[in-house]
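So the chains spell out like this:
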Amino acid sequence: SGSMQDDFRSVTRTVTVNITPVNDAPVTFDRSLEVMEVEEYANGTGDSTNAVARLPLMPEDFLGDATVPTELTEQSDFTDDVDYDSSLGGVEYDEEEQGLRVVLFTVTNSDGVPVPVDKDNNNGVPITLATGVITFNFDASGAFTGGEYLPNVDYNEQTPFDPTEVFSYVVEDFGPTRIPGSEIPDPDAVGSIDYTSTNNRSAPKQMTLTT
């Protein structure tokens, strides 16, 4: 008669290999804004109007504004405005869940010296340019929250006359985003990764201010 033989092989198990995508740097664009020079002296009397030309600067001026026809900054260079597919096997992945913020400006001061401005450098400090004064404000997270540009008095009488001021800005994406396919085969798998400090800054782009 035969006898049972021990089988030392284990039961079948599944090994899941998660391939973590590389964070694509955000993509933004050169942009432009305009400010009108004010009437400094009243016609007829020549009295001072005490008016000041002022251009408010807001995050949406650099990130884009969906309410006006401007190109929006994107979290990656392949964002297609299609929401993540949460169904089993859905692999839509374009980092749209990440946030976006402006984190760095570089301006040229009146001495011709490049000046970096971010959370830790010249935050809230008025900087004198050849064409006027500019200020940028950042919060504790490093995000630009607002600022202003004040063109010089008698701007149109400057010699040599240049109606534009040009400086650069950098955008950062931050926060977690889903890893495609992480729910296969385990629907309870942790399927996101925080890319806040990895390849998260755009190439510098230009902002042109015209008075």
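It should be emphasised that the depicted structure is a prediction, and the values quoted were computed from it without experimental measurement.

S.K.: Give a description of the packing of aromatic side chains that names residues and reports values.
M.R.: In this structure the tally under the stated criterion is 11 aromatic pairs. Ring centres 5.1 Å apart and planes at 65 degrees place the aromatic pair Phe62 and Tyr169 in the edge-to-face group. In this pair, Phe62 is assigned in helix H1 (residues 59-63) and Tyr169 in strand E8 (residues 164-174), connecting sequence segments 107 residues apart. There is no split in this pair, since Phe62 and Tyr169 are both buried.

S.K.: Please give an account of the pattern of salt bridges that cites residues and values.
M.R.: Per the stated rule, a full pass over the model turns up four salt bridges. The partner of Glu172 in a salt bridge is Arg201, with the nearest N and O atoms 3.3 Å apart. Placement of the pair is Glu172 in strand E8 and Arg201 in the loop between strand E10 (192-194) and strand E11 (205-210), with a sequence separation of 29 residues. Taken together, the shared-partner salt bridges connect Arg101, Glu172 and Arg201 into one network.

S.K.: Help me get a handle on the sheet that holds strand E3 (residues 99-108), residues and values and all.
M.R.: As a general point, the strands of a sheet are linked pairwise by backbone hydrogen bonds and lie either parallel or antiparallel. Pairing is mixed in the open sheet, where five strands are placed in the order E1-E11-E8-E3-E4. Two strands lie at the open edges of the sheet, namely strand E1 (31-34) and strand E4 (114-117), each paired on one side alone. Strand-to-strand twist in this sheet, taken as the mean axis angle between neighbours without regard to direction, amounts to 30 degrees. Pairing of E8 with E11 involves six bridges; the strand directions are antiparallel. Bridged to Phe167 within E11 is Met207.

Reading the values: rules and limits
Residues numbered from 1 in each chain as written. Predicted model: local features only at pLDDT ≥ 70, side-chain atom pairs only at ≥ 80, totals over all residues. Heavy atoms only, no water. Phe/Tyr/Trp six-rings, centres within 6.5 Å; stacked < 30°, edge-to-face > 60°. Helix = DSSP H or I, 4+ residues; strand = E, 2+ residues; numbered from the N terminus. Buried < 20%, exposed > 50% of the residue type's maximum accessible area, 1.4 Å probe, protein only. Salt bridge = Lys/Arg side-chain N within 4 Å of Asp/Glu carboxyl O. Pairing = 2+ DSSP bridges. Axes fitted to C-alpha atoms, helices over the stretch in contact; angles between N-to-C directions.

Functional significance is not addressed by these values, which are geometric in nature.
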